[in-house]
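Close look at the chain arrangement
Spelled out, the chains give:
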Amino acid sequence: MSGKAFFIDTTLCTGCRGCQIACKQWNQLPATKSHNYGSYQNPEDLSFDTFKVVRFNEEMGPDNKPRWYFFQDQCRHCLEPACKDAADLQLEDTIVREPYSGAVLFTDRLKGLKFKDIRDACPYDVPREQEGSGYMAKCTMCVDRVVNGMLPACVKTCPTGTMNFGDRDKMVEMARNRLAEIRSSHPKATVSGVNSNRAIFLMADDSIKYHKFADARPSLGPMNRQLALKKIGKSLKELARDWSFLNTA
Ligand code: SF4
Ligand code: SF4
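Residues numbered from 1 in each chain as written. Chains lettered and ligands numbered in written order. Predicted model: local features only at pLDDT ≥ 70, side-chain atom pairs only at ≥ 80, totals over all residues. Heavy atoms only, no water.

**Quick word on the pattern of salt bridges**
Applicable threshold: Here, a salt bridge means any Lys or Arg side-chain nitrogen found within 4 Å of an Asp or Glu carboxyl oxygen. Under the scheme used here, helices are H or I runs from DSSP no shorter than 4 residues and strands are E runs no shorter than 2 residues, and both carry numbers assigned from the N terminus. Partly exposed residues are those whose accessible area sits between 20% and 50% of the maximum for their type, while under 20% is buried and over 50% is exposed, using a 1.4 Å probe and protein chains only.
Within this structure, the stated rule accounts for 16 salt bridges. Arginine 217 is the salt-bridge partner of aspartate 125, the closest N and O atoms lying 3.9 Å from each other. Of the two residues, aspartate 125 sits in the loop between α3 (115-121) and β6 (128-129) while arginine 217 sits in the loop between β10 (199-203) and α7 (225-248), which places them 92 residues apart along the sequence. The class for aspartate 125 is buried, based on a relative accessible area of 12%. One continuous salt-bridge network, built from bridges that share partners, spans Asp45, Arg55, Asp73, Arg76, Arg119, Asp125, Arg128 and Arg217.

**Some details on the site of ligand 2**
Note the following rule: For each residue, the test is whether any non-hydrogen atom lies within 4 Å of the molecule or strand; if one does, the residue is near. Gly falls in the polar group here, along with every residue not listed as nonpolar (Ala, Val, Leu, Ile, Met, Phe, Trp, Tyr, Cys, Pro) or charged (Asp, Glu, Lys, Arg).
Around ligand 2 there are 14 residues in total, and Cys13, Cys16, Arg17, Cys19 and Cys158 lie nearest to it. Class assignment for the residues of the shell around ligand 2 results in 7 nonpolar, 6 polar and 1 charged.

**Details of unusual backbone geometry**
Cis peptide bonds are those with omega within 30 degrees of zero, and the linkage from asparagine 42 to proline 43 qualifies with 0°. Among the structural elements, proline 43 can be located in the loop between α1 (18-26) and β2 (53-60). One non-glycine residue with positive phi stands out, namely asparagine 64, at about 65°. Structurally, asparagine 64 can be placed in the loop between β2 and β3 (66-73). Residue classification places asparagine 64 among the exposed residues on the basis of a relative accessible area of 59%.

**Considerations on α1**
Condition: Residues count as neighbours in contact if any of their non-hydrogen atoms are within 4.5 Å of one another.
Gly18, Cys19, Gln20, Ala22, Cys23 and Lys24 are the residues of α1 that are buried. Buried positions along α1 lie against β2 and α5 (153-157). Looking at the residues trailing α1, positive phi occurs at glutamine 28, about 50°.

**Here we look at the packing of aromatic side chains**
Condition: Ring pairs shown here join Phe, Tyr and Trp side chains whose ring centres sit within 6.5 Å, with only the six-membered ring taken for Trp; geometry is labelled stacked below 30 degrees between planes, edge-to-face above 60, and tilted in between. As a reminder, the over-ring test applies to NZ of lysine and CZ of arginine, requiring each to be within 6 Å of the ring centre and within 35 degrees of the ring normal.
Counted under the stated rule, the structure contains 7 aromatic pairs. Look at tryptophan 68 and phenylalanine 70: their rings are 5.8 Å apart centre to centre, the planes differ by 15°, and that puts the pair in the stacked class. Ring centres 4.9 Å apart and planes at 90° place the aromatic pair tyrosine 69 and tyrosine 210 in the edge-to-face group. Taken as a pair, tyrosine 69 in strand β3 and tyrosine 210 in the loop between β10 and α7 lie far apart in primary sequence, 141 residues in all. Tyrosine 210 matches tyrosine 69 in its accessibility class, with the two residues each being buried. Of note, lysine 111 hangs over the ring of tyrosine 135, and the distance from its end group to the ring centre comes to 5.1 Å. Note that arginine 217 overlies the ring of phenylalanine 213, its terminal NZ or CZ placed 4.9 Å from the centroid.

**As for the state of the cysteines**
Note the threshold: A pair of cysteine sulfur atoms is labelled a disulfide when the two atoms are within 2.5 Å.
Enumeration according to the criterion identifies 0 disulfides in this entry. Looking at cysteine 23, it has no disulfide partner, and the nearest cysteine sulfur is the one in cysteine 142, 6.2 Å off. Take cysteine 23: its relative accessible area is 8%, and that puts it in the buried class. Here cysteine 142 is not disulfide-linked; the sulfur of cysteine 154 is the nearest cysteine sulfur, at 6.1 Å. For cysteine 142, a relative accessible area of 6% gives the class buried.

**What about the sheet that holds strand β9 (residues 190-192)?**
Cut-off, in case you're wondering: Paired strands are those between which DSSP finds at least two bridges. With axes taken as lines fitted to C-alpha atoms, and helix axes fitted only over the stretch in contact, angles between N-to-C directions fall between 0 and 180 degrees.
Across the sheet, which stays open at both edges, the 4 strands sit in the order β8-β1-β10-β9 with mixed pairing between neighbours. Edge strands, defined here as strands with exactly one partner in the open sheet, are β8 (163-167) and β9. Recorded for the sheet is a direction-independent mean angle of 20° between the axes of neighbouring strands. Bridge analysis of strand β1 (residues 4-9) against β8 gives 5 bridges, and the strand direction is antiparallel. Note on β8: the bridge partner recorded for phenylalanine 6 is phenylalanine 165.

Below, the structure written as structure tokens:
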């Protein structure tokens, strides 16, 4: 089983923000106090109480006319989550993976761990901390809905076909087909996350026009000597296991 994934076709988004509101409603998240900072985007960023935000960027399009670049920012549910690597260095299994869907889930055991290391490790700058409490949060893939055969709330709500969800191999296929369809009219179109994530985005133009973390940034976090050694140690243990299996088979 390949688990589940989102396919997010940004070319179809109208910026209605229904997905953002549905996320708040299902997860019973309070409204976020915001202010006019010169953009239609609201709220300004992800937060402990905002797991999903539709980013509004106005940029020059390929025709040299200004146009909106909407981006549905949320956790990508990485296949190899760097947030989990960083958290495991402090305390094992404070971030877990739900086996049926593959969703990456933050637990309350994260409270008190070094938040900066975990946020910096994320290539998409997703984790957020609650001020004062030390708890951390992000998109849960609506895993309580998904394990009961329902769609995530954002997908269920989206009226344009931007948000899609299903078996990961089907979402990959959908992304590749849509990319092939729009390539002739949008030569810069790309798909991100096909090999690494459970949130796969189709973008019609350079990813930087959508959001500075639309594509992965190099890890700033503790992907350092300690983590590298730990990973090498793990691979050597796996190799040793395989080797002894081959020699006793
Ligand atoms: Fe973790 Fe960031 Fe990947 Fe989400 S996007 S699973 S927070 S590393
Ligand atoms: Fe875009 Fe769909 Fe979200 Fe509306 S609900 S902002 S169309 S992704």
